[in-house]
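Structural description and commentary
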Amino acid sequence: MRILRIPNRSVFALLFLFSLSSSFLYFIYVAPGLVNTYLFMVQAQGIMIRESVKTMGSQMYEQVVRGTYVKMNNSLNDYPEDLNHSEAYLQTATFLPEDFTYRANLACPERLPSMKGPVDVNMTEISLEEIEELFSKDPYMQIGGHWKPRDCIPRWKVAILIPFRNRHEHLPILLRHLIPLLQHQRLEFAFYIIEQAGYHPFNRAMLFNVGFMEALKDMDWDCVIFHDVDHIPENDRNYYGCGEMPRHFAAKLDKYMYLLPYNEFFGGVSGLTVEQFKKINGFPNAFWGWGGEDDDLWNRVQFAKLTVTRPEGDLGKYKSVPHHHRGEVQFLGRYALLRHSKERQLLDGLQNLKYFPNITVEVLYKNITVNLTPELAPVSDY
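Rules behind the numbers
Residues numbered from 1 in each chain as written. Predicted model: local features only at pLDDT ≥ 70, side-chain atom pairs only at ≥ 80, totals over all residues. Heavy atoms only, no water. Phe/Tyr/Trp six-rings, centres within 6.5 Å; stacked < 30°, edge-to-face > 60°. Buried < 20%, exposed > 50% of the residue type's maximum accessible area, 1.4 Å probe, protein only. Lys NZ or Arg CZ within 6 Å of the ring centre and 35° of its normal. Disulfide = S-S within 2.5 Å. Helix = DSSP H or I, 4+ residues; strand = E, 2+ residues; numbered from the N terminus. Pairing = 2+ DSSP bridges. pLDDT = per-residue confidence, 0-100. Contact = heavy atoms within 4.5 Å. Salt bridge = Lys/Arg side-chain N within 4 Å of Asp/Glu carboxyl O. Core = buried A, V, L, I, M, F, W, Y, C linked by side-chain atoms within 4.5 Å. Polar contact = N/O pair within 3.5 Å; in protein donor to acceptor, adjacent residues only side chain to side chain. Axes fitted to C-alpha atoms, helices over the stretch in contact; angles between N-to-C directions.

**Quick look at the packing of aromatic side chains**
Tallied over the full model, the rule gives 14 aromatic pairs. Between the aromatic rings of Y256 and F265, the centroid separation amounts to 5.8 Å while the plane-to-plane angle is 90°, which identifies the pairing as edge-to-face. Given the relative accessible area of 30%, Y256 is considered partly exposed. Judged by relative accessible area, which is 11%, F265 ranks as buried. A network of ring pairs unites the aromatic residues F208, F212, F226, F277 and F283 as a single cluster. One residue, R237, lies across the ring of F95, its end atom 3.7 Å from the ring centre. Directly above the ring of Y258 sits K317, whose terminal nitrogen or CZ lies 4.5 Å from the centroid.

Here's what the structure looks like:
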């Protein structure tokens, strides 16, 4: 039997060609990503410099406003009207001074001295029992996590909806930060945890629709905030009131280097008034798995000719509790659905929703458990 012999020179030539082709393919696939990363970093640095300059100017303006208020408004019978304006004012300006006196017969202002700005985010795991013990000491905290201030009339009634499955270590971390933030803002609020049971892929949007319907059975809320359990606000001046809805609160996520991934991004934490949410027929129910439902909600808001607002400057910063969509699949059919957002809007949402909840009232929230299936939200042909 004759053995085929390959000259050493040919072997080296083949290895060289293989190495060259591998390097070429690596360059083709990786180099654009490296370039994009570099450009992304340059863009981020430029934005950070611009925001720093803006903050320095706003801090000087804040001192002028505070000094004027202290000198001229000690005998006011009402709150200064300019402290409830929208964010046309700079983000750190026009907050009330520390010696401000609340009045139980007047509406709570929107820019309070209790709203200090950046907060220390503590990602350390803590048990739900510890959190319940901590906040149940508040005499104004009612069962189910319903709270409202007593030293002024809450300007807004806000329902916080949190979709949930297998995130038991994340929920206490969120409540540890979110309850003080809402209390500092003197809002009336309650928490609704909408938990998905069963084996079907996670349907965040449908859970929000269920939570919305159940929350309206409790009281006449002014607005609802759709809040992911792993998004922790970094600034208590990120006002959760209802005056500038629809609103995208989580405009700057740490996992995106505190930059907006794209202009239509509407994920993480968003809010609408009750009437707005009804007008757009809620979230779509057809998104099984993660991804796409927020883009569809953005489309619905645009079709209704509503304008989304976002917090100014660093107010919209959030930290994300690390996770990897444990056990949840990405929804690969989202692009096909997004192409038909307008046709589906009136057919898929609150109008075609059916569900059978199992409700329990806990110390700090109402838990709504539902077993979701596609048959509970049928969509006719469009």
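**A short note on the state of the cysteines**
With the rule as written, the count across this model stands at 2 disulfides. Here C108 engages in a disulfide with C152; their sulfurs sit 2.0 Å apart. When the S-S torsion is 100°, as for the bridge of C108 with C152, the disulfide is right-handed. Here C108 is found in the loop between α1 (8–72) and α2 (128–135), whereas its partner C152 is found in the loop between α2 and β1 (157–164), with 44 residues between them in sequence. Put simply, C223 and C242 are joined by a disulfide, and their sulfur atoms are 2.0 Å apart. Handedness of the C223-C242 disulfide follows from its S-S torsion of about -65°: it is left-handed. Of this pair, C223 sits in strand β3 (residues 223–227) while C242 sits in the loop between β4 (231–233) and β5 (247–248), and the two are 19 residues apart along the sequence. Residues C223 and C242 agree in their burial class; the two are buried. The connectivity of the disulfide bonds within the protein chain can be written as 1-2, 3-4, using the sequence rank of each bonded cysteine.

**Digging into the pairing of β3**
With 5 of 5 residues buried, β3 lies mostly within the body of the structure. Here β3 shows two buried faces, one formed by C223, I225 and H227 and the other by V224 and F226. One ladder, built from 4 bridges, connects β1 with β3; its direction is parallel. Note that in β3 the partner of V158 across the bridge is C223. Pairing geometry for β3 and strand β7 (residues 269–273), over 5 bridges, is antiparallel. In the strand pairing of β7, H227 is matched with V269.

**A word on the confidence of the model for the protein chain**
Residues of the protein chain with pLDDT of at least 70 account for 73%, and the chain-wide mean is 83. For the stretch residues 68–77, pLDDT sits under 50, and the model shows 11 contacts to residues farther than four places along the chain or on other chains. Note that pLDDT drops below 50 for residues 85–92; the model gives that stretch 29 contacts with residues more than four away or on any other chain.

**Considerations on the pattern of salt bridges**
On inspection of all chains with the given rule, the structure shows 13 salt bridges. Between E98 and K116 there is a salt bridge, and its shortest N-O distance comes to 2.6 Å. Residue E98 is located in the loop between α1 and α2, and its partner K116 is located in the loop between α1 and α2; the two are separated by 18 residues in the primary sequence. Classification of E98 as exposed rests on a relative accessible area of 55%.

**Focus on the nonpolar core**
Counting 44 residues, the largest nonpolar core has I160, L175, L182, F191 and Y240 as the members making the most contacts within it. Per-element accounting of this core gives the leading share, 8 residues, to helix α3 (residues 171–184). Ignoring anything within four residues of it in the chain, the contact list for L175 reads L128, I131, F135, P180, F191, L364 and Y365. Formed by 37 residues, the second largest nonpolar core is a distinct cluster that contains F226, F266, V274 and A377.

**Observations concerning the side chain of Q276**
In this fold, Q276 is placed in helix α5 (residues 274–279). The exposure class of Q276 is buried, given its relative accessible area of 14%. Within the structure, Q276 has its side chain in polar contact with the backbone oxygen of M245 (distance 3.1 Å). Non-local contacts of Q276, meaning those with residues more than four positions away in its chain, are made with M245, P246 and L306.

**As for the sheet that holds strand β6 (residues 252–253)**
One open sheet accounts for 3 strands, arranged β4-β8-β6; its pairing is mixed. Each edge of the open sheet carries a strand with a single partner, namely β4 and β6.

**Some details on the sheet that holds β7**
Read across the sheet, 7 strands follow the order β5-β7-β3-β1-β2-β10-β9 without closing on themselves; strand pairing throughout is mixed. Of all the strands in the sheet, just β5 and β9 (358–361) have a single pairing partner and so form its edges. Looking at chain direction, β5 and β7 are connected through 2 bridges and run antiparallel. The residue of β7 that forms the bridge with H248 is S270. Of the strands in this sheet, β1, β2 (188–197), β3, β9 and β10 (366–371) touch helix α4 (residues 204–215), which is tilted by about 145° from β1.

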